[in-house]
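Each chain is listed here by its residues.
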Amino acid sequence: MNDLRIRAAAPADLDTVLAFWKEAAEGTSISDDRDGVARLLDRDPESLLLAERDGELAGTVIAGFDGWRCHLYRLAVHPGHRRRGVATALLAAAEERFTALGGRRGDAMVRGENGLAHHAWSAAGYERQPQWSRWVKPLCP
């Protein structure tokens, strides 16, 4: 895995990341557009972590910290790079970031029907908390 490089995304990566998510991520989000990702990088330039292998984007994770909680979003690994340690490396980098910022616990947004993701999160030491549910209200049309 020493050929894997983890780095923070830069504004020049936006189009590549958006195209990658269409291929590698499970589902889409209202924020999956250039403006949404640019706002993320403007607010927290170190939050979007990229895993690259041989100059190719292999995986992503958003490791957001709001000063209170550590949130993980968009853990996605390209199908051609799965089961090769990419998610493990991304989560380790995210957890290091959180620890350095003073975070105490990470939580992840995981689609209910994504069994492959459930296995990956469980293998990484995360546990589902059935007592919680997500409540959402779109703020724009």
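Residues numbered from 1 in each chain as written. Predicted model: local features only at pLDDT ≥ 70, side-chain atom pairs only at ≥ 80, totals over all residues. Heavy atoms only, no water.

**Regarding the overall build of the protein**
Line of reasoning, step 1. Summing up its helical and strand segments, the protein has four helices and five strands in all.
Line of reasoning, step 2. Projected onto its principal axes, the C-alpha positions of the protein cover 40 × 35 × 30 Å.
Line of reasoning, step 3. Looking at the 141 residues of the protein, the share that counts as buried comes to 36%.
Line of reasoning, step 4. Summarising the internal contacts of the protein: among those between residues at least 6 apart in sequence, 63% fall at separations of at least 24.
Line of reasoning, step 5. Carbon and sulfur atoms provide 51% of the accessible area of the protein, an area that totals close to 9,400 Å². (Helix = DSSP H or I, 4+ residues; strand = E, 2+ residues; numbered from the N terminus. Buried < 20%, exposed > 50% of the residue type's maximum accessible area, 1.4 Å probe, protein only. Contact = heavy atoms within 4.5 Å. Areas by Shrake-Rupley, 256 points an atom, 1.4 Å probe, with all protein chains shown as cover.)

**Considering the pattern of salt bridges**
Line of reasoning, step 1. Applying the stated criterion across every chain yields a total of eight salt bridges.
Line of reasoning, step 2. Asp15 serves as the salt-bridge partner of Arg34, at 3.1 Å between the closest nitrogen and oxygen. Of the two residues, Arg34 sits in helix α2 (residues 34-43) while Asp15 sits in helix α1 (residues 14-24), which places them 19 residues apart along the sequence.
Line of reasoning, step 3. A relative accessible area of 41% means that Arg34 is categorised as partly exposed.
Line of reasoning, step 4. Owing to a relative accessible area of 46%, Asp15 belongs among the partly exposed residues under this scheme.
Line of reasoning, step 5. The partner of Arg111 in a salt bridge is Glu113, and the shortest N-O contact between them spans 2.6 Å.
Line of reasoning, step 6. Since its relative accessible area comes to 56%, Glu113 is described here as exposed. (Salt bridge = Lys/Arg side-chain N within 4 Å of Asp/Glu carboxyl O.)

**Remarks on the nonpolar core**
Line of reasoning, step 1. Ranked by size, the top nonpolar core spans 19 residues in total, and within it Leu72 and Val86 carry the most contacts.
Line of reasoning, step 2. Mapped by element, the contributors of at least two residues to this core are β2 (48-53), β3 (56-65), β4 (70-77), α3 (86-101) and α4 (115-123).
Line of reasoning, step 3. Considering every element that reaches this core, the biggest residue donor is α3, with six residues.
Line of reasoning, step 4. Setting aside its immediate chain neighbours within four residues, Val86 contacts Leu4, Ala51, Arg53, Ala58, Gly59, Val77 and His81.
Line of reasoning, step 5. Counting 15 residues, the second largest nonpolar core, distinct from the first, contains Val17, Ala25, Leu41 and Leu50. (Core = buried A, V, L, I, M, F, W, Y, C linked by side-chain atoms within 4.5 Å.)

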